[in-house]
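Structural description and commentary
Chain by chain, the residues:
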Amino acid sequence: MTTEHPRLTAELRELRARTGLSLAALSERTAYSKSSWDRYLNGRSLPPRHAVQDLCRVADEPDGRLLALWEIAESDWSGRAALPAAAEPPAQPQEPPPRPRTSGQGSHRAGLVVALAAAYALIVGGVALAFLLLPDHKATGDEPRSASAPYSLAPQCHGAACEGRDPSRMVCGTDPDTLTTYRTSTGGHVELRWSEKCGASWARVWGTRIGDRVEITAGGPTHNLRIRNRSDTETYVYTPMVAARPGSTVSACFRPPSADGEPECVSARVRMDTTTSPTPSSAR
């Protein structure tokens, strides 16, 4: 293992820690399986280039620096750094000079044999080079489940176009403002967030239990989030977005799964300085 690979692994682990995502949740948000991410983040396998791009996208991190580090690590890992010397065809043994022939046809045949031998050597060298450059076929399980399109760090929607959309997929989670954070009676957290670039708000939720629900609105449509499985309880989950501009009031209601559980609601007003305080209240 090269020194570049452990460094890349450490950088990716730190980036994943910043997202707060479990391996299962990271798998759901990228094109790679939970077991693949386990190998990548523990240094047992070099991640594909697209995996590095996927993690940077999820973490809202520009990928230029990590891709440059990946190029160095991949070059040493695959052996391409030493490829020019290794791929050079071995020197052909000196053949004894052909015996003199009396006919022009014999000389032509000897020249043809030499040309065929040279062509054969070139083909063998080319095939060896191709196998060195091809990825390991045993690693097909680490390939993306579907073709990955280039990712953009620019927001993919704004205002009404963001209504009901996923803030991560729409790249709205880059440097959002936190309007307020509310702790529920069951120990969960509901954090209202707002993106000026996207003109939209959403709630980030964690510490929840299976069956919990969160509703969010900003005076328009109401969108819902349900905690469906254990993976959702172990990481951050996000409600769909609601269009919100400066001056809008964003409200979220936390609803526990028990029939006798009281809804807990919190509101915050969007301002340019986003200096707000929580106003928890009971739902009507």
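Everything below is about the structure printed above this text.
These numbers come from a predicted model, not from an experiment. Position labels on residues start from 1 in each chain and follow its written sequence. For a predicted model such as this one, the threshold for reporting local features is a pLDDT of at least 70, and the threshold for listing and counting side-chain atom pairs is 80 or more; totals across whole chains, interfaces and linings nevertheless cover every residue. Based on all heavy atoms of the structure, the side-chain values leave hydrogens and waters out of the count.

1. As for the overall build of the chain
Rule in force here: By definition, any uninterrupted DSSP run of H or I lasting at least four residues is a helix, any uninterrupted run of E lasting at least two residues is a strand, and each is numbered from the N terminus. With a 1.4 Å probe rolled over the protein chains alone, any residue whose accessible area is under 20% of its type maximum counts as buried; one over 50% counts as exposed, and the rest are partly exposed. By the convention used here, residues are in contact when the closest approach between their heavy atoms is within 4.5 Å. Method for areas: the Shrake-Rupley scheme with a 1.4 Å probe, in which residue coverage is limited to the protein chains shown.
Of the regular secondary structure elements, the chain holds 8 helices and 10 strands. Within the span of the chain, comprising 284 residues, buried residues form 38% of the whole. Across the chain, the fraction of contacts at a sequence separation of at least 24, relative to all contacts at a separation of at least 6, is 57%. Put simply, the chain shows about 16,500 Å² of open surface, and 54% of that area lies on carbon and sulfur atoms.

2. Concerning the state of the cysteines
Two cysteines form a disulfide when their sulfur atoms are joined by a covalent bond. Let me state the cut-off plainly: Disulfide: a pair of cysteine sulfur atoms within 2.5 Å of each other.
Under the defined criterion, the tally for this structure stands at 3 disulfides. The side chain of cysteine 172 participates in a disulfide bridge whose partner is cysteine 198; the two sulfur atoms lie 2.1 Å from each other. The sign of the -95° torsion about the S-S bond sets the cysteine 172-cysteine 198 disulfide as left-handed. With a gap of 26 residues between them, cysteine 172 in the loop between α7 (104-133) and β1 (177-183) and cysteine 198 in the loop between β2 (189-195) and β3 (200-206) connect regions that are remote in the sequence. Note on cysteine 172: relative accessible area 1%, which makes it buried. Take cysteine 198: its relative accessible area is 0%, and that puts it in the buried class. Sequence-ordered numbering of the bonded cysteines in the chain gives a pairing of 1-2, 3-4, 5-6.

3. A look at the packing of aromatic side chains
Within a pair of aromatic rings, the relevant descriptors are the distance that separates the centres and the angle that separates the planes. Test applied: Each Phe, Tyr or Trp ring, with Trp reduced to its six-membered ring, pairs with another whose centre is within 6.5 Å; inter-plane angles below 30 degrees give stacked pairs, above 60 give edge-to-face pairs, and intermediate values give tilted ones.
Applying the stated rule across the entire model yields 3 aromatic pairs. Judged by centre distance (6.2 Å) and plane angle (80°), the rings of tyrosine 32 and tryptophan 37 are edge-to-face. For the pair formed by tyrosine 32 and tryptophan 37, the shared burial category is buried. Here tyrosine 32 falls in the buried class, since its relative accessible area comes to 1%.

4. Some words on the environment of alanine 243
Following the sequence through the fold, alanine 243 ends up in strand β7 (residues 242-243). Residues alanine 243 and cysteine 198, spaced 45 residues apart in sequence, show a C-alpha to C-alpha distance of 8.4 Å.

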